[in-house]
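Reading the structure
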Amino acid sequence: MIKLSWGDKWQFLILLGLMAFLLCIVVTPTTAKTPEINSLQLQISRPDARDWLQQGKILYDEGQFAEAIKVLQQAVDNYRYQGNKLKQAVALSNQALGYQKLGLWQQANQKVQESLQLLESEKINPVTLAQILDNQGSIQLELGQAEQALATWERAEALYKQANHESGIISDRINQAQALQVLGFYRRSLSILSDLRSTLQARPHSLTKVVELRSLGDTLQLVGDLAQSQQVLQQSLEIAKNLRSTAEMSATLSSLGNTARIKQDIPAALVYYQQAAQLAPTPITKITAEINQLNLLVSTKQDSLAAALLPQIQTHLLNLPPSQSTIYAQIHLAQTLMKMGNETQKNRYTAQLLATTFQQASDLEDKRAQAYALGTLGSLYEQTQQWSDAQTVTQKALILTQSINAPDIAYRWHWQLGRLLKQQGKIADAITAYDTAISELQSLRSDLVAVNRDIQYGFKESVEPVYRQSVELLLQTTTSAASQENLEKARQRMESLQLAELDDFFRQACINAKTVILDDVVDKDNPTSAIIYPIILPQQLQVIIKIPQQPLRRYVINQSQQKIEKILEQLRANILEPDKEEEVQLLAKTVHDWLIPKEIEKTLATSQVKTLVFVLDGDLRNIPMAALYDGEKYLVEKYAVALSLGLQLITPKSPTSAPINVLAAGLVQPPKEFPQFRTLPEIKSEFNFITQAGITTKKLLDAEFTSNNLEKNVNTTNFNVLHLATHGQFSSRPENTFILANDGPINVLQFDSLLRRQDETRPTALEMLVLSACETAAGDNRATLGLAGASVKAGARSTIASMWHINDKSTAILIGEFYRQLVKNQVTKAEALRLAQLKLLKDYPNYTRPGYWAPYILVGNWL
């Protein structure tokens, strides 16, 4: 048996779990969503020297999991012969732990189920049963059975409560929070974590509290609450210092390093990793911290410091005994070395290191580690252009992943195989490999967003390129025969990419509303709309257009991504300058001609298209499409304009005579704690204009606009439009996306939970969300992701927002006209916005520049 006293067992598993967890962060994309501290090993009567359970524990501790499983099987057989069901169940549960470490989840699940079946008729200590259930929940989550895992951990928690076992209760609450996150119940997850933090504050200082706080800090990091994560981890560190526990200090410093790295606080992360290495009590924890440090130095181009650290790591590696932790440390080192340049001597060392790693993984019968080692070796061969060798080892790695059902790593090697086949001119086979990689990614949708924001496993590096390269391959190989099929598949890939970006933004799969295909809307419900899909590729801009009742069309602009992005950057900068209107028109015409060439303009006119719906890609999202210029007119003078996230949207609702009811909240005077935000005196005029349009409006102004009061009114007021006139910011990171209330910022995640409650208490969807004074974060090229995310998470059919903050008097005029057109003429939302923008452009000489009227954009349902 793997057997320790509760305190020792807890600390041992925390250390082991966090060590593996850290390696998981920086080495592999394993979806170990629960800290391994919760795969608890069980207590039983004191063993003697012949106890198979104790021998199994020793082997497990040494990382020899396959051997531990064999020894534990002897324990199972022995206790079955003796008729001792309790010890037999314990041995089976510990076998499950070994299978978990080897990534053999089905076998692990089978063993833990056998264990629980044996205990059905036995009267046992509730803590023992709870620990087995903890193990089962961990396995269920790894198998994608999040609901079952949640129920299992809730049952385990009840058993711990029965035994008044506070540490067990805390660990299961942390587990439940992670399961809820995977299921998309973000508000419930954060509520549990907040309660846990309060509970832990009241507990006396102890090593157990250090570990519990660290686990909580890691989980807060997991769900993207980095500020809270850092605070909790700092508290864990301080207690560890007071208790003089260098082991716990080292572990917590590593966690702090991970959080700092995710926050892009590179100097702090390096210091944390250095301190973790200095205090590390074991060689493996020391070298893990050193490799983390090396990887960060390489990623941030600090080459001289990296070169100085490398020999020290190589020396330390020589003294490490083979174990799973050693294997992943070596793989991580190899991956880091591959980023340090393409020198022959370094490549030779890396290849030898991976060969040794593969042999060690084979000796330990760890197929998952074998697959990583082989796949990484394939990456090295790809880097050195040894295409045939790279393909051979990559295919072997794929065979291994298929034998253990590991789609989280299989997609990487399918993607790698696709790249290799493309290099060898095997285009059809390459497309098939990319198709498989994306299929694996989509099957992992919830799992991908539940893992940490690992730099190695970052979305931009390890997920987005799979989609983009696939689309590039499809579009560059399109022939007339396969044109429609490939165009359709390319569109679907870009849609999947947009949804994946939102999932990554919120750390959860967030598009759960009923959706419809945009083509159906264009062909049937609103045949005066067309959809434009620009796709930015490295050497081309490809544009796909859907015109009502017609097949897809495509055309190619032979401009490099670098040149396109440079022009878009210039346009975005100039549009905000008062004396650059001529430059703006020149650049806006260039972009107009890219997206809507003359032959397409003619077709749009023939088809009587009145609304253009853009599904934008990359830096195009930073440009207001209404400001595009054809040499004589701005686009808004000819078409209503809307943005969409992809081929799907929340079920559309055509304009009707149903009354509009607005819940409006505004902040004229920002709180004193936020001097960077100026007053917005015209908000009162803005609200008056809404009322003058004949709209029933409930107003929360200044002191009345607090987060609690907004939530109260969301739950009690009859409204279908939420209008927020206040400072706010959209960012590519949810923690930096917020609106400002009188009592401080309301983060987009809190905002989401607030509106979810409205959705839970009212059957009708939020028709429209209006954010009239927000802006996208300066210098953040993906900031509009925060705007799109706010719209989707609010469950709103449509969102109107400003891309940058502008004169609040012109805002009041535009917003008032928008509502007036919507009510008086019952036009579509897109047309109402167009008419409001034209009012500024045509009727107000001071506001004719695009910088005043163009930044208002409509996202989502344009009807």
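Everything quoted here is computed from the prediction, not taken from an experiment.

Before going further, it helps to examine the overall build of the protein. The number of helices and strands found in the protein is 36 helices and 17 strands. Out of the 863 residues belonging to the protein, those deemed buried represent 62%. Per element, the accessible surface of the protein, about 32600 Å² overall, is 48% carbon and sulfur.

Okay, the environment of Thr285 next. Checked against the element boundaries, Thr285 lands in helix α14 (residues 283-299). Residue Thr285 is classed as buried on the basis of its relative accessible area, which comes to 11%. On a C-alpha basis, the gap between Thr285 and Ser250 in space is 8.3 Å, while along the polypeptide they are 35 residues apart. Among the polar contacts listed, one links the side chain of Thr285 to the side chain of Thr282, at a separation of 2.8 Å.

Now for helix α11 (residues 226-242). Helix length check: α11 (17 residues) gives 24 Å between terminal C-alpha atoms against 24 Å at 1.5 Å per residue, within 8%. Along α11, the residues that are buried comprise Leu226, Ser229, Val232, Leu233, Gln235, Ser236, Leu237, Ile239 and Ala240. At the C-terminal side of α11, Arg244 shows a positive phi close to 55°.

Here we come to a negative patch on the surface. Together, Glu577, Asp579, Glu582 and Glu583 make up a negatively charged patch on the protein surface. A relative accessible area of 57% places Asp579 in the exposed class.

Moving on, we come to the packing of aromatic side chains. Enumeration according to the criterion identifies 10 aromatic pairs in this entry. Where Tyr60 meets Phe65, the ring centres are 5.2 Å apart and the plane angle is 70°; that geometry is what we call edge-to-face. Overall, Phe65 belongs to the buried group, its relative accessible area being 4%. Taking the centre distance of 6.5 Å and the plane angle of 35° together, the rings of Phe674 and Phe677 count as tilted. Neither Phe674 nor Phe677 differs from the other in exposure class; each is buried. Among the aromatic residues, those joined into a ring-pair cluster are Tyr328, Tyr372 and Trp413.

With five of five residues buried, strand β10 (residues 721-725) lies mostly within the body of the structure. Where burial is concerned, the two faces of β10 agree: the one with Val721, His723 and Ala725 and the one with Leu722 and Leu724 are both buried. In terms of strand pairing, strand β8 (residues 661-666) meets β10 through five bridges, oriented parallel. Bridge pairing in β10 links Ala664 to His723. Pairing between β10 and strand β14 (residues 766-771): four bridges, direction parallel. Bridging across to β14, Val721 finds its partner in Met768.

Note on sheets: strands pair through backbone hydrogen bonds, and any given pair is parallel or antiparallel. What the four strands build is an open sheet, ordered β13-β12-β11-β15; its pairing is mixed. Edge positions in the open sheet fall to β13 (744-747) and β15 (774-776), since each of these has one partner strand only. On average, adjacent strands in this sheet sit at an angle of 25° to one another, irrespective of strand direction. The sheet contact formed by strand β11 (residues 728-730) and strand β12 (residues 738-741) spans two bridges and is antiparallel.

The next thing to look at is the pairing of β12. On β12, burial covers both faces: Phe738 and Leu740 on one face and Ile739 and Ala741 on the other are all buried. Where β12 lies against β13, four bridges are found, and the strand directions are antiparallel. Counterpart to Leu740 in the pairing with β13 is Pro745. Between β12 and β13, which pair antiparallel one after the other, the connecting turn spans two residues.

Once that is clear, we can look at the packing of helix α13 (residues 266-279) against α14. Close contact between α13 and α14 brings their axes to 8 Å; oriented N to C, the two are set at 160°. Between α13 and α14, the angle is such that the two are roughly antiparallel. The interaxial crossing formed by α13 with α14 has left-handed handedness. Note on element contacts: α14 touches α13 through Lys286, Ala289, Glu290, Asn292, Gln293, Leu296 and Leu297, opposite Ile266, Ala269, Leu270, Tyr273, Gln274, Ala276, Ala277 and Gln278. Partitioning the contact of α13 with α14 into residue classes produces nine nonpolar, four polar and two charged.

Below, the discussion takes up the pattern of salt bridges. Pairing between side chains of opposite charge can happen when their charged atoms approach one another. For the structure on display, the rule yields 29 salt bridges. Here Glu166 makes a salt bridge to Arg203, at a shortest N to O gap of 3.6 Å. Separated by 37 residues along the polypeptide, Glu166 in helix α8 (residues 166-183) and Arg203 in the loop between α9 (186-201) and α10 (207-222) bring together distant segments of the chain. Given a relative accessible area of 38%, Glu166 falls into the partly exposed group. Residue classification places Arg203 among the buried positions, given a relative accessible area of 16%. Taking the shortest distance from any N to any O, the salt bridge between Lys839 and Asp843 comes out at 3.7 Å. Linking Lys839 with Asp843, this pair stays in helix α35 (residues 829-843), spanning four residues, or about one helical turn. Residue Lys839 is classed as partly exposed on the basis of its relative accessible area of 24%.

Before going further, it helps to spend a moment on the nonpolar core. Leu595, Leu612, Phe614, Leu710, Leu722 and Tyr819 are the most contacted members of the largest nonpolar core, which totals 265 residues. Here the element with the most residues in this core is helix α3 (residues 65-82); it accounts for nine residues. Setting aside anything within four residues of it in sequence, one finds Tyr819 in contact with Val662, Ile690, Ala693, Ile695, Val721, His723, Met768 and Val770. Ranked by size, the runner-up nonpolar core spans 10 residues in total, among them Leu502, Phe505, Leu749 and Ala790.

Turning our attention to helix α4 (residues 85-101). Compared with an ideal rise of 1.5 Å per residue, which puts 17 residues at 24 Å, α4 spans 25 Å between its outermost C-alpha atoms and is within 8% of the ideal. In terms of burial, α4 is largely enclosed, as 15 of its 17 residues are buried. If you check the start of α4, you find a side-chain oxygen 3.3 Å away from the backbone N of Leu86, and it comes from Asn84. Looking one or two residues beyond α4, the residue adopting positive phi is Gly103, at roughly 75°.

Analysis parameters
- Residues numbered from 1 in each chain as written.
- Predicted model: local features only at pLDDT ≥ 70, side-chain atom pairs only at ≥ 80, totals over all residues.
- Heavy atoms only, no water.
- Helix = DSSP H or I, 4+ residues; strand = E, 2+ residues; numbered from the N terminus.
- Buried < 20%, exposed > 50% of the residue type's maximum accessible area, 1.4 Å probe, protein only.
- Areas by Shrake-Rupley, 256 points an atom, 1.4 Å probe, with all protein chains shown as cover.
- Polar contact = N/O pair within 3.5 Å; in protein donor to acceptor, adjacent residues only side chain to side chain.
- Expected span 1.5 Å × (residues − 1).
- Patch = residues over 30% accessible without salt bridge, like charges linked within 9 Å, V, L, I, M, F, W, Y side chains within 5 Å.
- Salt bridge = Lys/Arg side-chain N within 4 Å of Asp/Glu carboxyl O.
- Lys, Arg positive; Asp, Glu negative; His and termini not counted.
- Charge placed at Lys NZ, Arg CZ, Asp CG, Glu CD.
- Phe/Tyr/Trp six-rings, centres within 6.5 Å; stacked < 30°, edge-to-face > 60°.
- Pairing = 2+ DSSP bridges.
- Axes fitted to C-alpha atoms, helices over the stretch in contact; angles between N-to-C directions.
- Parallel < 35°, antiparallel > 145°, perpendicular 65-115°, else oblique.
- Left-handed = near helix turned anticlockwise from the far one by under 90°.
- Contact = heavy atoms within 4.5 Å.
- Nonpolar A, V, L, I, M, F, W, Y, C, P; charged D, E, K, R; others polar.
- Core = buried A, V, L, I, M, F, W, Y, C linked by side-chain atoms within 4.5 Å.

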